[in-house]
Structures are given as C-alpha cells and as structure tokens.
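Residue-level listing of the chains:
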Amino acid sequence: QVQLVESGGGLVQAGGSLRLSCAASGRTFSSGTMAWFRQAPGKERYFVATITWSGDTTFYADSVKGRFTISKDNVKNTVYLEMNSLKPEDTAVYYCASSRVNNAWGIPGLYDYWGQGTQVTVSS
C-alpha cells in the first residue's frame, strides 16, 4: 500500500516562499509520475505540477510556471514543490499524488494514491 505524507504548508505573505514535501512509501518508485494538485474552497482539484520518477520530465500549470519548481530525491522517495512569489490566489489545500503511468500529466483519474493534503494560505 502506497502512502504519501505531505508537509511544509503554512501561512505566508504575498511574495513569500514555501517548500512542500511529499514522502512516499510502500513500493519501489522507479517509474510512474508524481504530482502536486491543489484545491481552493468551492473549486475543483486542479493539477499544479508533475514529475516522472525516471527521466525527470516536468509539467506545470500555466498559473505557476516560472514561480513553482517540482523536484524529487530518488533516494529518499520524496517529491518537493518549491513555491516562490506566492499570490493570494495560490491559497489552497495542496495534495501529493502518485501514478503508475509514465507521463500521467495533470489527469487526476490516472493517479492511484493521494496524500491527506497540506494547507497553504497566502495573505495579501
């Protein structure tokens, strides 16, 4: 059973930075895709960024390009989301997700496992 545990959320002022972490366990992560999604109150869950375990292919939502960076540590089985120049509209619960599909991109239905989420709040 795959487990995903997020950490690093919190309250930050606009223009600030946060780094989210997602520790993955339960299987060998040598292939597939990891992703960060977010869900704001009253809105649907939407992808933020994805990265493949092999090849390090990344994919970003237009709204975060140039501000967010997804990366991973294959030894620690951990995925990170570095968020800079944060805006109030980035406020949401951020979820880590795992897919066995290579290049699952931002398609929620292709992700098998989800973390519990971590709250990110950006004040203006």
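How each quantity is defined
- The residue numbers shown here count from 1 along each chain, following its written sequence.
- With pLDDT at 70 or above as the cut-off, local features in this predicted model cover only qualifying residues; side-chain atom pairs require 80 or more to be listed or tallied, and sums for whole chains, interfaces and linings still use all residues.
- Just so you know, side-chain values use all the structure's heavy atoms and leave hydrogens and water out.
- Only DSSP runs of H or I covering at least 4 residues are called helices, and only runs of E covering at least 2 are called strands; the numbering of each starts at the N terminus.
- For this analysis, residues touch if any pair of their heavy atoms sits within 4.5 Å.
- Put simply, a salt bridge is a Lys or Arg side-chain nitrogen that is within 4 Å of an Asp or Glu carboxyl oxygen.
- Think of it in three bands: residues with accessible area under 20% of the maximum for their type are buried, residues over 50% are exposed, and the middle band is partly exposed, with areas taken using a 1.4 Å probe on protein chains only.
- N or O atoms within 3.5 Å of each other form a polar contact, as long as, within protein, one can give a hydrogen and the other can take it, and as long as residues adjacent in sequence are counted only when both atoms are side-chain atoms.

A.B. asks: Looking at this model, I keep getting lost on the side chain of Asp90. Mind explaining?
C.D. replies: For Asp90, the location among the structural elements is in the loop between strand S8 (78–83) and strand S9 (92–99). Those residues in contact with Asp90, other than ones at most four positions away along the chain, are Arg38, Arg67, Phe68, Ser85, Val120 and Val122.

A.B. asks: What should I look at first to understand the pattern of salt bridges in this one?
C.D. replies: Two side chains that carry opposite charge are able to pair once their charged atoms sit near each other. Per the stated rule, a full pass over the model turns up five salt bridges. When the shortest N-O distance is used, the salt bridge between Lys65 and Asp62 registers 3.2 Å. A salt bridge links Asp90 to Arg67; the shortest N-O distance between them is 2.8 Å. Taken together, the residues Asp90 in the loop between S8 and S9 and Arg67 in the loop between strand S6 (58–60) and strand S7 (68–73) connect sequence positions 23 residues apart. Neither Asp90 nor Arg67 differs from the other in exposure class; each is buried. Among the ionic contacts, a cluster of salt bridges with common partners joins Arg38, Arg67 and Asp90.

A.B. asks: Could you clarify how one ought to interpret the side chain of Thr118 in this entry?
C.D. replies: Locating Thr118 in the fold gives a position in strand S11 (residues 118–123). Of the residues examined, Thr118 reaches a relative accessible area of 11% and is grouped as buried. Reaching out from Thr118, the side chain makes a polar contact with the backbone nitrogen of Gly9 at a distance of 3.2 Å. Setting aside anything within four residues of it in sequence, one finds Thr118 in contact with Glu6, Ser7, Gly8, Gly9, Leu20, Ala92, Val93 and Tyr94.

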